[in-house]
Structures are given as structure tokens and as C-alpha cells.
Amino acid sequence: MSETKENNSSSDGIILRELRQEDNVNISLGSEYVALKNFLKKNAKDYHSKNLARTFVAVDNNSDIENQVLGYVTLVSSQISLTKFRHPDDVAEYPYKDYPAVKIARLAVDTKHRMNGLGKYLIGWSIAISIKKIMPFIGCRFLVVDSKPCAISYYEKNGFTLLDTEENKKNKHPLLFIDLHKL
Ligand SMILES: CC(C)(COP(=O)(O)OP(=O)(O)OC[C@H]1O[C@@H](n2cnc3c(N)ncnc32)[C@H](O)[C@@H]1OP(=O)(O)O)[C@@H](O)C(=O)NCCC(=O)NCCS
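Scope of this entry: the structure provided in the associated data block. (Residues numbered from 1 in each chain as written. Predicted model: local features only at pLDDT ≥ 70, side-chain atom pairs only at ≥ 80, totals over all residues.)

Quick look at helix H1 (residues 34–49)
Because an α-helix completes one turn every 3.6 residues, residues spaced three or four positions apart along the sequence face the same direction.
For step 1, the next point in the chain: In this model H1 runs 23 Å from its N-terminal to its C-terminal C-alpha over 16 residues, within 8% of the 22 Å that 1.5 Å per residue would give.
For step 2, the next point in the chain: Bending of H1 peaks at approximately 60 degrees at the position of asparagine 43.
For step 3, the next point in the chain: Taken together, the buried positions of H1 are Phe39, Leu40 and Ala44.
For step 4, the next point in the chain: Buried residues along H1 sit against strand S2 (54–60), strand S3 (69–81) and strand S4 (98–109).
For step 5, the next point in the chain: Where H1 ends, the next residue or the one after it, asparagine 51, has phi of about 60 degrees, a positive value. (Helix = DSSP H or I, 4+ residues; strand = E, 2+ residues; numbered from the N terminus. Expected span 1.5 Å × (residues − 1). Bend = angle between axes of the 7 residues up to and from the residue. Buried ≥ 20, exposed ≤ 12 C-beta atoms within 10 Å, placed from the backbone. Contact = placed C-beta atoms within 7 Å.)

Written out as C-alpha cells, the structure is:
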């Protein structure tokens, strides 16, 4: 699977595309992740169509089961407040309180399809979309995520940095970021 193409199709049949009404969103995420499952089942299509949160899904075009979602990522526009965030070293005089960002609001992969690089693919695609489709038109410096504590090291493996403040580390969902301008 390619990590950075924004209109992906791949030789193993797995493609990434926007969520559709006909998609089968009944995925299995394990009992700890009911909220992620419920979001996809109950809210994602509605929010997607109303531009509140855009969801992109991985589906297997070679599968007998049509439109079965294997994993998903949901993106929203966001910002990082300076009260929590340090200035990037190339920004001398930025007078505003907040830096513009894209946020990974949700990310999950079906239990049967984990450990195959699908999560990495969804993150890589989010980075590519931000750089190629958003940043040329809209000020956007960071990709951010409010992570579950158990996923912090997963995001670090995928290029994110944990915001290094005591307040953030104690947070229920600590913030991690990628400075997209530096990629
Ligand atoms: C986290 C998640 C998206 C990873 O998806 P995935 O497709 O299985 O992951 P990938 O195949 O891209 O990556 C696998 C690698 O990440 C590691 N990894 C997987 N989950 C991890 C975690 N929670 N913490 C640290 N490392 C993790 C694996 O050990 C493996 O490492 P390796 O490459 O050194 O062998 C998936 O496990 C999931 O949906 N979890 C439940 C929901 C969740 O935690 N969402 C994110 C938090 S908001």
C-alpha cells in the first residue's frame, strides 16, 4: 500500500476513498473502542455530508463483501493554542494566539485487519491530503491528534511528537503533532 498518494488505489485491492451512504460500517474494534465504533456507525455519514467531519475509509475492492469498511480516519479543521504550544523555531513574530491545523479526530482499523500497515496508510494519506490539498490554499501548519494514552507510542512511530508540557502529558487525551511545514 502506498502511504502518501491522496487518491489511492493499490495492487492488493485496498483503496482509500471518502465514506459513502452505502458503506457497511459495521466493523469490529474490540470492547475498549465502543466510542470509535459508535461514531462510525451513528455519526460519521451524517457529519460527513454536513461538512462537520470528513471521514475516509479503507475498503477492499477484491473482497466478495462490497463496501465493507476495514478502517477509517476522520479529519476536522483545528488549531493549537499558544498557551499550550511552543513557537516553531522559524516563526519569529507571529502575533496570533492560535496556529492553524488539521486534526485526526478519529482513527481505527478493524481487528481482523490490524498489523498490515493500514493505520500507517491512513495517517500517511492524512499527511498527503494536508500538504497537497489544504496547505496550498489555506494556512495550515500542523497535523494534530488528541491521542488515547495507549496509542501515543503508535503515533510517535508514525512521525508525531508528543507536546512536551506537564499539563499535556497529564491530559486524558494528550496532544501530538507533526509540523507539516518541515516535511
Ligand atoms: C492503533 C491502530 C489504528 C493501528 O492500526 P494498524 O493498522 O494495526 O497499525 P499498523 O499496521 O499501521 O502498524 C503496526 C505497528 O504499530 C504497532 N502498534 C499497533 N498499535 C499500537 C499501539 N497502540 N501502541 C504502540 N504501537 C502500536 C505494532 O506493534 C506494529 O509495530 P511494528 O511495525 O514495529 O511491527 C489500531 O490498532 C486500532 O484501530 N486500535 C484501536 C483504536 C485506536 O487506538 N485508535 C487510535 C487512538 S485515537
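Observations regarding the sheet that holds S2
For step 1, the next point in the chain: An order of S1-S2-S3-S4-S5-S7-S6 is seen for the 7 strands of this open sheet, with the pairing classed as mixed. Taken across any chain shown, the strands that pair with only one partner, and hence form the sheet edges, are strand S1 (14–18) and strand S6 (161–162).
For step 2, the next point in the chain: Two strands pair when backbone bridges link them, and S2 and S3 are joined in this way by 6 bridges, in the antiparallel orientation. Bridge pairing in S3 places threonine 55 opposite threonine 74. (Pairing = 2+ DSSP bridges.)

With respect to helix H2 (residues 118–134)
For step 1, the next point in the chain: Compared with an ideal rise of 1.5 Å per residue, which puts 17 residues at 24 Å, H2 spans 23 Å between its outermost C-alpha atoms and is within 8% of the ideal.
For step 2, the next point in the chain: Buried-residue contacts for H2 involve S1, S2, S3, S4, strand S5 (142–146) and strand S7 (175–179).

What about the site of the ligand?
For step 1, the next point in the chain: The local shell around the ligand holds 20 residues, among which Arg114, Gly119, Lys120, Ala151 and Tyr154 are the closest.
For step 2, the next point in the chain: Going through the elements one at a time, S4, H2 and helix H3 (152–157) are the ones with two or more residues in the shell around the ligand.
For step 3, the next point in the chain: Split by residue class, the shell around the ligand holds 11 nonpolar, 5 polar and 4 charged. (Near = placed C-beta within 6 Å. Nonpolar A, V, L, I, M, F, W, Y, C, P; charged D, E, K, R; others polar.)

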